[in-house]
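So you can see what is in the structure, the chains are spelled out below.
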Amino acid sequence: MGSKDCDRHDDNRELAKRISLAVLGFLIVLAIVIFLVWAILHPAKPHFILRDVTIYAFNLTPPNYLTSNMQVTLASRNPNDRIGIYYQKLDVLASYRNQQITLPTLIPRTYQGHEDVTIWSPFLLGNEVPVAPFLEEGLNQDMNAGMVLLKIKVFGELKWKVGTWISGRYQMNVNCPAYISFSDRTKSIQVGLAMKYQLVQSCSVDISLD
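Residues numbered from 1 in each chain as written. Predicted model: local features only at pLDDT ≥ 70, side-chain atom pairs only at ≥ 80, totals over all residues. Heavy atoms only, no water.

As annotated in an unreviewed UniProt entry, the protein chain carries the name Late embryogenesis abundant protein LEA-2 subgroup domain-containing protein and comes from Hibiscus trionum.

### Quick notes on the overall build of the protein chain
Note the cut-off: A helix here means a DSSP run of H or I that spans at least four residues, while a strand means a run of E at least two residues long, and both kinds are numbered starting from the N terminus. Every radius of gyration here is taken over C-alpha atoms, with the globule rule written as 2.2 Å times N^0.38, N being the number of residues. Exposed residues in this analysis have more than 50% of their type's maximum accessible area, buried residues have under 20%, and partly exposed residues fall in between, with area computed by a 1.4 Å probe over protein chains only. A contact between two residues is defined here by any heavy atoms of the two lying within 4.5 Å. His residues and chain termini do not enter the charge count, which takes Lys and Arg as positive and Asp and Glu as negative. To locate a charge, take NZ of a lysine, CZ of an arginine, CG of an aspartate or CD of a glutamate.
Looking only at helices and strands, the protein chain features two helices and 14 strands. Taking 210 residues into account, the globule formula puts the C-alpha radius of gyration at 17 Å, and the protein chain, at 27 Å, lies well above it. C-alpha atoms of the protein chain, sized along the principal axes, occupy 100 × 35 × 25 Å. The buried share of the protein chain, reckoned over its 210 residues, is 37%. Put simply, 74% of the contacts in the protein chain that link residues at least 6 apart link residues at least 24 apart. Here the protein chain holds 20 positive side-chain charges and 18 negative ones, and the gap between their average locations is 3 Å.

### Examining the pairing of strand β9 (residues 147–162)
To keep it simple, the criterion reads: A pair of strands is treated as paired once DSSP finds two or more bridges between them.
Note that strand β3 (residues 84–96) and β9 share eleven bridges and pair antiparallel. Residue pairing in the sheet places L93 in a bridge with K153 of β9. Relative to strand β11 (residues 170–181), β9 runs antiparallel, the two being bridged by twelve bridges. When the sheet's bridge partners are listed, F155 is paired in β11 with N173. Pairing geometry for β9 and strand β10 (residues 165–166), over two bridges, is antiparallel. Opposite V162, over in β10, you have W165 as the bridge partner. Linkage of β9 to β10, two consecutive antiparallel strands, is achieved through a turn of two residues, within which G163 is found at a positive phi near 65 degrees.

### Brief notes about the UniProt feature "domain: Late embryogenesis abundant protein LEA-2 subgroup" (unreviewed entry) in the protein chain
As a reminder, the rule being used: UniProt positions are given in the numbering used here, feature names are shortened, and annotations may be inferred rather than shown by experiment.
Mapped onto the present numbering, the UniProt feature "domain: Late embryogenesis abundant protein LEA-2 subgroup" (unreviewed entry) falls on residues 73–176. Along residues 73–176, the helical share is 12% and the strand share 61%, with 11 Å between the first and last C-alpha atoms.

### Things to note about the pattern of salt bridges
To keep it simple, the criterion reads: The salt bridge criterion pairs a side-chain nitrogen of Lys or Arg with a carboxyl oxygen of Asp or Glu, the two atoms within 4 Å.
Under the counting rule described, the total for this entry stands at two salt bridges. A salt bridge links D142 to R97, with the shortest nitrogen-to-oxygen separation between them at 3.3 Å. Of this pair, D142 sits in helix α2 (residues 133–145) while R97 sits in the loop between β3 and β4 (99–100), and the two are 45 residues apart along the sequence. With a shortest N-O distance of 3.3 Å, E157 and R169 are connected by a salt bridge. Placement of E157 in strand β9 and of R169 in the loop between β10 and β11 is noted, with a sequence separation of twelve residues between them. The class of E157 is buried, set by a relative accessible area of 17%.

Right under this line is the structure:
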């Protein structure tokens, strides 16, 4: 190999090195810009409201089985004016004193634009779900007293969208208290054989890294 060939080989290697450094520098600058935009915008977590609960069935049967059939209406608002939200996977269920009493109902994937409001109305079903004896006793006491506190829970994953950039996955947990009155009929509306409770109850929302 002559001296000219060696010089040409060195030049090609130097050019490749410069291109690699330029690409690396661009990626670093791009990452810094995205981080700064993210830090400046700092997305606020969505606001959830439990609008109503319609009870079709809520019965205890011996020895300790609970059958519950209900439909809930949840409203979610994106408070961010420059950030969208991708709800990747959301499950909704009902619980009583931290025991799950219905099967989880899956909500389809949803994109929520800037300051948009999204409404979901899933059905929650639990057929002869066994409950712990002490929970059965507590539930009987609450029903006899005329008021039962249920928790409507939403859990799943979301992503933030800033321009064309989409974040990694975040875990979301939503907890909505639902005070159901079985004694005061003035707090509900009869819909066929069901009773509809207008609640408009704010929910707690926790967001964490996946």
